[in-house]
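Examination of the molecular architecture
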Amino acid sequence: MGEMEELRKEMENLKDQITAARKTFQDSTLQEAAAGVTVVGRVQLKTRKTLRGHLAKIYAMHWGTDSTLCVSASQDGKLIVWDTITTNKVNAIPLKSSWVMTCAYAPSGNLVACGGLDNMCSIYNLKGKDGNVKVMRELAAHTGYLSCCRFLSDTEIITSSGDCTCVLWDIETGTQKTVFAGHQGDAMSLGVSPDFKFFISGACDFTAKLWDIREAECRQTFGGHESDINAIGFFPNGNAVITGSDDATCKLYDLRADQELLTYQDSSIMCGVTSLAPSKSGRLLLAGHDDFNVNIWDMLKAERVGVLAGHDNRVSCIGVSTDGMACCTGSWDSFLKIWN
Amino acid sequence: MKGDTPVNSTMMSVGQARKLVEQLKIEASFCRIKVSKAAADLMAYCDAHSCDDPLISPVPISENPYREKKFFCALL
């Protein structure tokens, strides 16, 4: 037998091993465990604010950790930092490339980042001495579009790319510290664990991967989706991962049990999931779809408990503020809405 | 596990195949816990934090930072 044949056999054996091992730990299901739990009451959120100012589709938004400011990115070529309470624009940053697909707010509040079809992640300093917001660093090395980015601190950021890799960057030197390779399709989205030790990525190979940032390795891979994973996020305690896919479903995977616990789906929902965010307790899952709506799920019971209908085009991004007080949605209709 | 075999697996190099096998070994050796324990922990977390979750247990409108603020002017 040639080496390739042997390796293929070994691959199949290992995959069967993993499937069998997962089954032996499946002594129950979340459905069974939560059978006695009452479904959360109907969730009816109102639009409290509409943030107007972008002139084209909004592709991404991210809350600052102060739960008041947020940053949004639009293909009108601007990053806007908003005070969500007053609806004032704190900063309106013109971008070199208008083909932006992602943006992020640093936990410190000092920096924002964005990137897209320029294959770069551009870092902007919001607190420059002369008050002007300037490009601080351009992180260039990806050979595909930048789909997502998230700061670990003011000195490190993680990016995911259409080149199938994720990268940990040193912002000061502008260099790649670690390249996380393994996905066999465009990496579309990433999320950082609450303790900043791990990150998860969702990709067009239909899988989600958990990566150990410092050990620089992929620890776990989760399958089951039948199409691209567009959105991913951690459950608030960091022990589970939620994914949203073009297959119109969301899935909950437990990290310690190393398997899928629930699928959030409904025959009436036929449009892909573009974005997702858990509520502060993790009990609610908010998922944005191509059909202009946001579905709200009881995460334990997998029942739909609400809908946010208010946008006139695809909901492209969603986020719940750190204090859990509000949910922000961004849309191709060029508006952001704050709901609670 | 659907989707994690390269679509063009016939084009995979021996080097790539070796890396995939090494990765699968790492994932196979993962120390798992029972789903019953994982589920119980998730439920306990939700239970402990639901009252602090403003989207589930709404705060009174007076404490909602996004409430409509009405300004009163007094004519002197």
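In what follows, the accompanying structure is described. (Residues numbered from 1 in each chain as written. Chains lettered and ligands numbered in written order. Predicted model: local features only at pLDDT ≥ 70, side-chain atom pairs only at ≥ 80, totals over all residues. Heavy atoms only, no water.)

1. Regarding the overall build of chain A
Counting its regular elements, chain A contains two helices and 28 strands. Scaling as 2.2 N^0.38, a compact globule of 340 residues should have a C-alpha radius of gyration of about 20 Å, and chain A matches this with 20 Å. Taken over the C-alpha atoms alone, chain A extends approximately 65 × 50 × 30 Å along its principal axes. By residue count, 58% of the 340 residues in chain A fall in the buried class. Counting every atom, chain A has about 12800 Å² of accessible surface; 48% of that belongs to carbon and sulfur. For chain A, the centre of its 32 positive side-chain charges and the centre of its 40 negative side-chain charges are spaced 8 Å apart. (Helix = DSSP H or I, 4+ residues; strand = E, 2+ residues; numbered from the N terminus. Rg over C-alpha atoms; globule rule 2.2 N^0.38 Å. Buried < 20%, exposed > 50% of the residue type's maximum accessible area, 1.4 Å probe, protein only. Areas by Shrake-Rupley, 256 points an atom, 1.4 Å probe, with all protein chains shown as cover. Lys, Arg positive; Asp, Glu negative; His and termini not counted. Charge placed at Lys NZ, Arg CZ, Asp CG, Glu CD.)

2. A look at the nonpolar core
Core analysis: the biggest nonpolar cluster contains 27 residues, and Leu30, Phe235, Leu252, Tyr264, Leu285 and Met299 of chain A have the highest contact counts within it. Elements represented by at least two residues in this core include exactly strand 19 (240–245), strand 20 (250–254), strand 21 (259–264), strand 22 (273–278) and strand 23 (284–289) of chain A together with helix 2 (35–49) of chain B. A total of seven residues in this core trace back to one element, the largest contributor, which is helix 2 of chain B. Dropping the residues within four chain positions of it, Phe235 of chain A is found in contact with Ala240, Ile242, Ser281, Gly282 and Met299 of chain A together with Leu42, Tyr45 and Cys46 of chain B. (Core = buried A, V, L, I, M, F, W, Y, C linked by side-chain atoms within 4.5 Å. Contact = heavy atoms within 4.5 Å.)

3. Quick notes on the side chain of Ser67 of chain A
With respect to the secondary-structure elements, Ser67 of chain A resides in the loop between strand 2 (58–63) and strand 3 (69–74). A distance of 3.0 Å separates a polar side-chain atom of Ser67 of chain A from the backbone nitrogen of Asp323 of chain A. (Polar contact = N/O pair within 3.5 Å; in protein donor to acceptor, adjacent residues only side chain to side chain.)

4. Considering the side chain of Ser72 of chain A
All names here are of chain A. Tracing the backbone shows Ser72 in strand 3. Within the structure, the side chain of Ser72 is placed 2.7 Å from the side chain of His54, a separation counted as a polar contact. Of note is the side chain of Ser72, whose polar atom sits 2.8 Å from the side chain of Trp82. The residues touching Ser72, leaving out its near neighbours within four places in the chain, are His54, Ala60, Met61, Lys78, Leu79, Ile80, Trp82, Cys103 and Leu336.

5. Structural notes on the interface of chain B and chain A
Taken together, the contacts link 49 residues of chain B with 70 residues of chain A. Considering only the surface of chain B that becomes buried against chain A, Arg32, Leu55 and Tyr66 of chain B emerge as the three largest contributors, covering 18% of it. Counting the contacts that link chain B with chain A gives four salt bridges. Note that Arg256 of chain A is salt-bridged to Asp41 of chain B, the shortest N-O span being 2.5 Å. Seen at the junction of chain B and chain A, the total is 13 residue pairs in polar contact (both at pLDDT 80 or more). Elements with a minimum of two residues in the side of chain B that touches chain A: helix 1 (14–28) and helix 2 of chain B. (Buried area = accessible area lost by both parts, 1.4 Å probe. Salt bridge = Lys/Arg side-chain N within 4 Å of Asp/Glu carboxyl O.)

6. Quick notes on the environment of Tyr66 of chain B
Mapping Tyr66 of chain B onto the fold places it in the segment after helix 2. For the pair Tyr66 of chain B and Ala40 of chain B, spaced 26 residues apart in the sequence, the C-alpha separation amounts to 35 Å. Not counting residues within four places of it along the chain, the set of residues in contact with Tyr66 of chain B comprises Arg48, Lys49, Trp63, Ser67, Thr84, Ile85, Met325, Ala326, Ile338 and Asn340 of chain A. Only 2.8 Å separates the side chain of Tyr66 of chain B from the side chain of Thr84 of chain A, close enough to count as a polar contact.

7. Some points on the state of the cysteines
Residue and element names in this part refer to chain A. For the structure on display, the rule yields zero disulfides over all chains. Here Cys148 stays free of any disulfide, with the sulfur of Cys149 as its closest cysteine sulfur at 6.1 Å. The class for Cys148 is buried, based on a relative accessible area of 7%. Not engaged in a disulfide, the cysteine Cys328 finds its nearest cysteine sulfur in Cys70; these two sulfurs lie 4.6 Å apart. (Disulfide = S-S within 2.5 Å.)

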